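So the chains spell out like this:
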There are 2 protein chains.
Amino acid sequence: MIEYEKDGAEIYRRSFATIRAEADLAGLPPEVSQVAVRMIHACGMVDLVRDLAFSPQSVARGRAALRAGAPVLCDVAMVASGITRKRLPAANEVVCTLSDPAVPDLARELGTTRSAAALELWGDRLDGAVVAVGNAPTALFRLLELIEAGAPRPALVIGVPVGFVGAAESKQALADHPSALDHLVVHGRRGGSAMAAAAVNALASDQE
Amino acid sequence: MIEYEKDGAEIYRRSFATIRAEADLAGLPPEVSQVAVRMIHACGMVDLVRDLAFSPQSVARGRAALRAGAPVLCDVAMVASGITRKRLPAANEVVCTLSDPAVPDLARELGTTRSAAALELWGDRLDGAVVAVGNAPTALFRLLELIEAGAPRPALVIGVPVGFVGAAESKQALADHPSALDHLVVHGRRGGSAMAAAAVNALASDQE
């Protein structure tokens, strides 16, 4: 049988060392670099850096919000499932409302997807929250509409929906939005639940 | 505000049409092509096709196993979380043993990762199962060791662990293994829970 590394801590150490050796992190502030390393770890692609964009205070605001006990609002259950609860600094609530029984009716009433309709159930929890969108462009678009309509502002929006219809456009809309929400995005089609969860896990603790 | 598509069915239709237009699916058997389309949909990358490898009967065996009620054995909770239960043809059990309280002690005894140790708890459920490894190379390596030691054979192994230490090697080991397990892999560093769940969802139903 093939020999392989069986020590979890050593696997992490070598993974992060490989990423730091191969990824072009030089242009990133140190605190963003630490988040980028975990996002790369989740997808196996060091060239992710070239599509990464962020507001200057994004990581600081996200970290401060989590330390202050802010909830993490996720578009899909996979994002919530990928967040390592032990890393969260204040036993923060991790919320995903997509499977709430009210969502299908809400989606019909609003004429939108269930992923977008699910945001109606976030309510006041949006105020100061860390939002993590890893799957649905419509959730990210809907968030911007809610902000335009006067909804409370989250502390940070991690915007990494994935795919071919609306993903790139929704991330561009977040980055360019006049509300100037603090954000961290991966431009283009790439993204996903694992990347969103990895970003939250990186913000939650500075321990690699 | 930006106009965007809000009809979930139309988003799916346009996404799959874009993938079929852009991805080089010509070299794939039709049934593999359908699985590839969903895996591409989950990661946003049409060039995934070049890293895809599979045994000739992989998709047929996976589909037949699910129809016959086989369980889906997942290495991490994120894979289980991404499987759309409504698509499963026989209310199949979706199993992830990683968070079982016995796993940390098992990992210490066996001198391996928790991801690998968790397979000890799959037991006889391995017989004829669909295995979906989306995260941990050590889980895939451990599966091959168990097979070598005489464990029951799964119907299909979806091997798409992601990352920088052991991921590429574990997928190569599965594809080359003398036991000739039916398999579907994405060679190299790319992979992930979303891709593994997408492959299961594609096998579960031929409805796009």
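In every chain, residue numbers begin from 1 and rise along the written sequence. A letter from A marks each chain and a number from 1 marks each ligand, given out in the order of writing. Confidence filtering applies because this is a predicted model: local features only for residues at pLDDT of at least 70, side-chain atom pairs given and counted only at 80 or more, and all residues used for totals across whole chains, interfaces and linings. Hydrogens and water are ignored here; the side-chain numbers use all heavy atoms of the structure.

(A) Structural context of the overall build of chain A. The secondary structure listing takes helices from DSSP runs of H or I that are at least 4 residues long and strands from runs of E that are at least 2 residues long, numbered from the N terminus. Within chain A one finds nine helices and six strands. When we talk radius of gyration, it's over C-alpha atoms, and the globule rule is simply 2.2 Å times the number of residues to the 0.38. Compactness check: chain A gives a C-alpha radius of gyration of 17 Å against a globular reference of 17 Å for 208 residues, within 12% of the reference. Along the first, second and third principal axes, the C-alpha atoms of chain A reach 55 × 35 × 35 Å. Residues counted as buried form 60% of the 208 residues belonging to chain A. In this description, contact between two residues means that some pair of their heavy atoms is separated by no more than 4.5 Å. Considering only contacts in chain A between residues 6 or more positions apart, those separated by 24 or more positions represent 68%. In this scheme, a residue with accessible area under 20% of its type's maximum is buried, one over 50% is exposed, and one in between is partly exposed, where area comes from a 1.4 Å probe on protein chains only.

(B) Spotlight on the relation of the copies chain B and chain A. The copies are overlaid by a least-squares fit using only the C-alpha atoms of residues whose pLDDT is at least 70 in both copies. By a simple turn and slide, chain B fits onto chain A: the slide is 0.0 Å along the axis, the RMSD is 0.0 Å, and the turn is 180°. Such a combination of turn and shift is consistent with a two-fold rotation axis. For chain B, the minimum C-alpha distance to the rotation axis belongs to B:Met78 and amounts to 2.7 Å. Here 100% of the interface residues in chain B have copies in chain A that are interface residues too; the copies meet face to matching face.

(C) Fine view of the packing of aromatic side chains. Between 30 and 60 degrees the pair is tilted, below 30 it is stacked and above 60 it is edge-to-face, where a pair is any two Phe, Tyr or Trp rings, Trp via its six-membered ring, whose centres lie within 6.5 Å. Tallied over the entire structure, the rule returns four aromatic pairs over all chains. Seen from their ring centres, A:Tyr4 and B:Phe141 are 4.3 Å apart, and the 15° between their planes marks the pair as stacked. In this pair, A:Tyr4 sits in the segment before helix 1 (8–22) while B:Phe141 sits in helix 7 (residues 137–148), so the two residues belong to two different chains. Given a relative accessible area of 2%, B:Phe141 falls into the buried group. Charge-over-ring placement is defined geometrically: NZ (Lys) or CZ (Arg) within 6 Å of the ring centre, and within 35 degrees of the ring normal. Taking the ring centre of B:Tyr4 as reference, the NZ or CZ of B:Lys6 above it sits at 5.0 Å.

(D) Inspection of the UniProt feature "domain: Cobalamin biosynthesis precorrin-8X methylmutase CobH/CbiC" (unreviewed entry) in chain A at higher detail. Following the UniProt record, one finds the feature "domain: Cobalamin biosynthesis precorrin-8X methylmutase CobH/CbiC" (unreviewed entry) at residues 10–205 of chain A. The span residues 10–205 of chain A is 45% helix and 10% strand, and its two end C-alpha atoms sit 19 Å from each other. UniProt positions are given in the numbering used here, feature names are shortened, and annotations may be inferred rather than shown by experiment.

(E) Looking closely at the sheet that holds strand 6 (residues 183–186) of chain A. All names here are of chain A. Following DSSP output, two strands are said to pair if at least two bridges run between them. Strands sit in the order 1-6-5-4-2-3 across an open sheet of six strands; the sheet is mixed. The sheet is open, and its two borders are formed by strand 1 (52–54) and strand 3 (94–95), each paired with just one other strand. Relative to strand 6, strand 5 (residues 156–159) is paired through three bridges, and the arrangement is parallel. The residue of strand 6 that forms the bridge with Gly 159 is Val 185. Packing of helix 8 (residues 167–176) onto the sheet brings it into contact with strand 5 and strand 6, and relative to strand 6 it is tilted by some 150°. An axis is simply a line fitted to the C-alpha atoms; with a helix, the fit covers only the stretch in contact. Between two such axes, the angle follows the N-to-C directions and lies from 0 to 180 degrees.

(F) Expanded view of the sheet that holds strand 2 (residues 72–74) of chain B. Residues and elements named next belong to chain B. Pairing is mixed in the open sheet, where six strands are placed in the order 1-6-5-4-2-3. The sheet is open, and its two borders are formed by strand 1 (52–54) and strand 3 (94–95), each paired with just one other strand. In the sheet, strand 4 (residues 130–133) pairs with strand 5 (residues 156–159) via four bridges, with the strands oriented parallel. Within the sheet, the bridge partner assigned to Val 133 lies in strand 5 and is Gly 159. Across the sheet, helix 3 (residues 58–67) lies against strand 1, strand 2, strand 4, strand 5 and strand 6 (183–186), angled at about 115° from strand 4, the strand it touches most. The sheet strands contacting helix 8 (residues 167–176) are strand 5 and strand 6, and the helix crosses strand 6 at an angle near 150°.

(G) Seen up close, the pairing of strand 6 of chain A. The two faces of strand 6 of chain A match: A:His183 and A:Val185 on one face and A:Leu184 and A:Val186 on the other face are all buried. Assignment of crossover handedness uses the view with strands pointing away from the viewer, where a clockwise path from the first strand over the helix to the second indicates a right-handed crossover. Tracing the backbone out of strand 5 of chain A, into helix 8 of chain A and back to the parallel element strand 6 of chain A gives a crossover that is right-handed.

(H) Representation of unusual backbone geometry within the structure. Even without being glycine, A:Ala180 reaches a positive phi, approximately 50°. Residue class for A:Ala180 comes out exposed when judged on its relative accessible area of 54%.

(I) Inspection of the packing of helix 7 (residues 137–148) of chain A against helix 8 of chain A at higher detail. All names here are of chain A. Orientation of helix 7 relative to helix 8, taken along the N-to-C sense of each, is 25°, at an axis distance of 8 Å. In terms of axis orientation, helix 7 runs roughly parallel to helix 8. Classified by chirality, the crossing of helix 8 by helix 7 is left-handed. Here Pro 137, Leu 140, Phe 141 and Leu 144 of helix 7 lie close against helix 8, whose contacting residues are Ala 167, Glu 169, Ser 170, Lys 171, Ala 173 and Leu 174. We call Asp, Glu, Lys and Arg charged. Ala, Val, Leu, Ile, Met, Phe, Trp, Tyr, Cys and Pro are nonpolar, and the rest, Gly among them, are polar. Split into classes, the residues belonging to the contact of helix 7 with helix 8 amount to seven nonpolar, one polar and two charged. Here roughly perpendicular refers to angles of 65 to 115 degrees, roughly parallel to angles under 35, roughly antiparallel to angles over 145, and oblique to all remaining angles. We call a crossing left-handed when the near helix sits turned anticlockwise from the far one by less than a right angle, and right-handed when that turn is clockwise.

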